[in-house]
Amino acid sequence: MKTLLTLASLTAAAAALVVAAGPADAKDYRLGLITPPSHQWTITASEMAEALKEETNGDVNILIFPSGQLGNEAQMLQQLQTGALDFAFLTLGEFSNRDPNYGIFLAPYIVDDVAGARQLLQGETANKLLDQVDQFGLVGLGYGMAGMRQIVMADKIETVDDIAGKKVRTIPFAPELDFWKKLDAAPTPMPLPALYDAFANGQVDGMQIDFEGTWNSKYYDHAGTIIESNHMMFPMIAVASGRSWQQIPEGDRAKVDDAFAKFLDELVASYADIDADYLAKLKGTDVPVLTVDRAFFGDAIDDWYATWREKSPMLVDLEAEAETIKN
Ligand code: BEZ
């Protein structure tokens, strides 16, 4: 009897251990991104991870590391290549600096709005570039985007000449830097976490940013003008490490693929309302909002296209696709 009890308690203890450890195939994966917890990219990543965990009964548990906790995008790209990081939501900066074709989405006014961006990001050229991330040892899982790009300046701005000579914060993205150089401004690459202080203490005179960040990070505190320009789309690319991807059981890979596709498309679509809501909030502040269109920038935009059609041959294909979806 004594032996039987001991066996029974041993069996119960073993069962408890299995429950504590989760299903036999359960694995924690890591997804890194640079945006803070309040940003829609991070919110979407967390919601997607939760849904995937449920869908796979805990087999796929993606842990989210926001705010560049795992490093900047260059460092995350290296980790993805070695398999030290499994997934990431990345801007196209690191890609475009290796292959200029990834910069074509920053073509000024290539789309009018979020609806146009959503269509273009599902088009043939975008899909080709998504597949081609295998050249970096990655698997492309889809595109997201942040809000349309706007401009926030410390001074009062009336014409584009008021921007000439000003230090404008950008990301270190060659086509973006070139846009500002063509406006005779001084593009100043700077990571998001450094931006509030740099703007507050005059290290930069303005920034290219979205309404979401302008409101959530309170950049408007030190602004003299918010320029509603909608002049560029700002895609995000969701990728998996090629090495990690091979280790994921095939059935789970299909579920991961589906979840990324669904949540990323919802993310892109959500930016129409996100942009409108944050613009309305910003209009409630004391900072004047100047609404401009392509004409505001003068010849700089035509110059930009002339340069980048040569540097990034796929731009011409993207322009042709964009023509078919313009209002
Ligand atoms: C930025 O650096 O401006 C940025 C990066 C990610 C999401 C939104 C904005």
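Keep in mind it's a predicted model, so treat the numbers as computed, not measured.

How each quantity is defined
- Residues numbered from 1 in each chain as written.
- Predicted model: local features only at pLDDT ≥ 70, side-chain atom pairs only at ≥ 80, totals over all residues.
- Heavy atoms only, no water.
- Helix = DSSP H or I, 4+ residues; strand = E, 2+ residues; numbered from the N terminus.
- Buried < 20%, exposed > 50% of the residue type's maximum accessible area, 1.4 Å probe, protein only.
- Contact = heavy atoms within 4.5 Å.
- Areas by Shrake-Rupley, 256 points an atom, 1.4 Å probe, with all protein chains shown as cover.
- Lys, Arg positive; Asp, Glu negative; His and termini not counted.
- Charge placed at Lys NZ, Arg CZ, Asp CG, Glu CD.
- Core = buried A, V, L, I, M, F, W, Y, C linked by side-chain atoms within 4.5 Å.
- Near = heavy atom within 4 Å.
- Polar contact = N/O pair within 3.5 Å; in protein donor to acceptor, adjacent residues only side chain to side chain.
- 1 Å grid on protein atoms, 1.4 Å probe; cavity = no way out; pocket = protein on both sides within 12 Å on 5 of 7 lines; lining within 4 Å.
- Sits in = over half its atoms within 2 Å of the grid points.
- Phe/Tyr/Trp six-rings, centres within 6.5 Å; stacked < 30°, edge-to-face > 60°.
- Lys NZ or Arg CZ within 6 Å of the ring centre and 35° of its normal.
- Points joined across faces, edges and corners; volume = space filled by probe spheres on them.
- Nonpolar A, V, L, I, M, F, W, Y, C, P; charged D, E, K, R; others polar.
- Axes fitted to C-alpha atoms, helices over the stretch in contact; angles between N-to-C directions.
- Parallel < 35°, antiparallel > 145°, perpendicular 65-115°, else oblique.
- Left-handed = near helix turned anticlockwise from the far one by under 90°.
- Expected span 1.5 Å × (residues − 1).
- Bend = angle between axes of the 7 residues up to and from the residue.

### A word on the overall build of the chain
Line of reasoning, step 1. Counting secondary structure elements, the chain contains 13 helices and 9 strands.
Line of reasoning, step 2. Viewed in the frame of its principal axes, the chain has a C-alpha envelope of about 90 × 40 × 35 Å.
Line of reasoning, step 3. Looking at the chain as a whole, 51% of its 327 residues qualify as buried.
Line of reasoning, step 4. Pairs at least 24 residues apart make up 77% of the contacts formed inside the chain by residues separated by at least 6 positions.
Line of reasoning, step 5. Surface summary for the chain: the accessible area is close to 14600 Å², and the carbon and sulfur share equals 52%.
Line of reasoning, step 6. Separation between the mean location of the 25 positive side-chain charges and that of the 48 negative ones in the chain comes to 5 Å.

### Some details on the nonpolar core
Line of reasoning, step 1. Among the nonpolar cores identified, the biggest contains 106 residues, and Phe87, Phe89, Phe95, Phe105, Ile110, Phe260 and Phe297 are the most heavily contacted of them.
Line of reasoning, step 2. The dominant element in this core, judged by the number of residues it contributes, is helix H11 (residues 250-283), at 12 residues.
Line of reasoning, step 3. Look past the residues within four positions of Phe105 in its chain and what remains in contact with it is Leu92, Ile110, Leu121, Ala126, Leu129, Tyr143, Met233, Pro235 and Leu318.

### With respect to the site of the ligand
Line of reasoning, step 1. Around the ligand, the neighbouring residues are Ile34, Thr35, His39, Trp41, Ala146, Arg149, Arg169, Ile171, Leu192, Ile209, Asp210 and Phe234.
Line of reasoning, step 2. Arg149 has a polar side-chain atom sitting 3.1 Å from an oxygen atom of the ligand.
Line of reasoning, step 3. Here an oxygen atom of the ligand and a side-chain polar atom of Arg169 are 2.8 Å apart.
Line of reasoning, step 4. A majority-of-atoms criterion places the ligand in the largest pocket.

### Regarding the packing of aromatic side chains
Line of reasoning, step 1. Overall, the coordinates contain 14 aromatic pairs when judged by the stated rule.
Line of reasoning, step 2. When the ring of Phe95 is compared with that of Phe136, the centres are 5.3 Å apart and the planes differ by 70 degrees; the resulting orientation is edge-to-face. Residue Phe95 is found in helix H4 (residues 93-96), and its partner Phe136 is found in the loop between helix H6 (124-131) and strand E4 (138-153); the two are separated by 41 residues along the sequence.
Line of reasoning, step 3. Taking relative accessible area as the criterion, Phe95 reaches 1% and is therefore assigned buried.
Line of reasoning, step 4. Relative to Trp180, the ring of Phe179 has its centre 5.3 Å away and its plane inclined at 90 degrees; by these criteria the two rings are edge-to-face.
Line of reasoning, step 5. The exposure class assigned to Trp180 is buried, which follows from its relative accessible area of 0%.
Line of reasoning, step 6. Each residue in the set Tyr109, Phe179, Trp180, Phe296 and Phe297 is aromatic and connected to the rest through ring pairs, giving one cluster.
Line of reasoning, step 7. In this arrangement the basic side chain of Arg30 is found over the ring face of Phe65, its NZ or CZ atom lying 5.3 Å from the centre.
Line of reasoning, step 8. One cation-aromatic arrangement involves Lys311 over Trp308; the distance from NZ or CZ to the ring centre is 4.9 Å.

### Re the side chain of Ser312
Line of reasoning, step 1. By secondary structure assignment, the location of Ser312 is in the loop between helix H12 (300-311) and helix H13 (314-325).
Line of reasoning, step 2. With relative accessibility at 1%, the residue Ser312 sits in the buried group.
Line of reasoning, step 3. Here the side chain of Ser312 touches Pro100 through a polar contact of 3.0 Å, landing on its backbone oxygen.
Line of reasoning, step 4. Beyond its immediate sequence surroundings of up to four residues, Ser312 is in contact with Pro100, Asn101 and Ile104.

### Re the environment of Met153
Line of reasoning, step 1. Here Met153 lies in strand E4.
Line of reasoning, step 2. Assessed through its relative accessible area of 0%, Met153 is described here as buried.

### Considering the layout of surface pockets
Line of reasoning, step 1. For the largest pocket, the calculated volume is near 710 Å³.
Line of reasoning, step 2. Lining the largest pocket are 33 residues, with Ile34, Arg169, Pro191, Leu192 and Pro193 sitting closest to its centre.
Line of reasoning, step 3. When contributions to the lining of the largest pocket are tallied by element, the ones reaching two or more residues are helix H3 (73-82), H4, E4, helix H8 (192-200) and helix H9 (211-216).
Line of reasoning, step 4. Of the pockets and cavities examined, the second largest pocket occupies roughly 180 Å³.
Line of reasoning, step 5. Contributing to the lining of the second largest pocket are 13 residues, with Leu121, Gln122, Gly142, Tyr143 and Ala261 lying nearest its centre.
Line of reasoning, step 6. Those elements giving two or more residues to the lining of the second largest pocket turn out to be H6, E4 and H11.
Line of reasoning, step 7. For the lining of the second largest pocket, the element with the most residues is H11, which contributes 5 residues.
Line of reasoning, step 8. Grouping the amino acids of the lining of the second largest pocket by side-chain chemistry returns 8 nonpolar, 3 polar and 2 charged.

### Structural notes on unusual backbone geometry
Line of reasoning, step 1. Positive phi, normally seen in glycine, also occurs at Asn57, with a value near 50 degrees.
Line of reasoning, step 2. Within the secondary structure, Asn57 sits in the loop between helix H2 (40-55) and strand E2 (60-65).
Line of reasoning, step 3. Since its relative accessible area comes to 64%, Asn57 is described here as exposed.

### What to know about the packing of helix H7 (residues 174-182) against H12
Line of reasoning, step 1. Interhelical geometry of H7 versus H12 gives an angle of 140 degrees and a closest axis separation of 9 Å. Taken together, the axes of H7 and H12 lie oblique to each other. Pair H7 / H12 crosses with right-handed handedness. Counting all contacts with H7, which are made through Ala174, Pro175, Asp178, Phe179 and Lys182, the residues of H12 involved are Ala300, Ile301, Asp303, Trp304, Thr307 and Trp308.
Line of reasoning, step 2. Residues of the contact of H7 with H12, tallied by class, amount to 7 nonpolar, 1 polar and 3 charged.

### Considering H11
Line of reasoning, step 1. End to end, H11 covers 49 Å across 34 residues, agreeing with the expected 50 Å (1.5 Å per residue, within 8%).
Line of reasoning, step 2. The principal kink in H11, of about 35 degrees, is found at Tyr271.

### Details of the environment of Arg149
Line of reasoning, step 1. Mapped onto the secondary structure, Arg149 falls in strand E4.
Line of reasoning, step 2. Setting aside anything within four residues of it in sequence, one finds Arg149 in contact with Arg169, Glu176, Gln208, Ile209, Asp210, Ser229, Asn230, His231, Met232, Met233 and Phe234.

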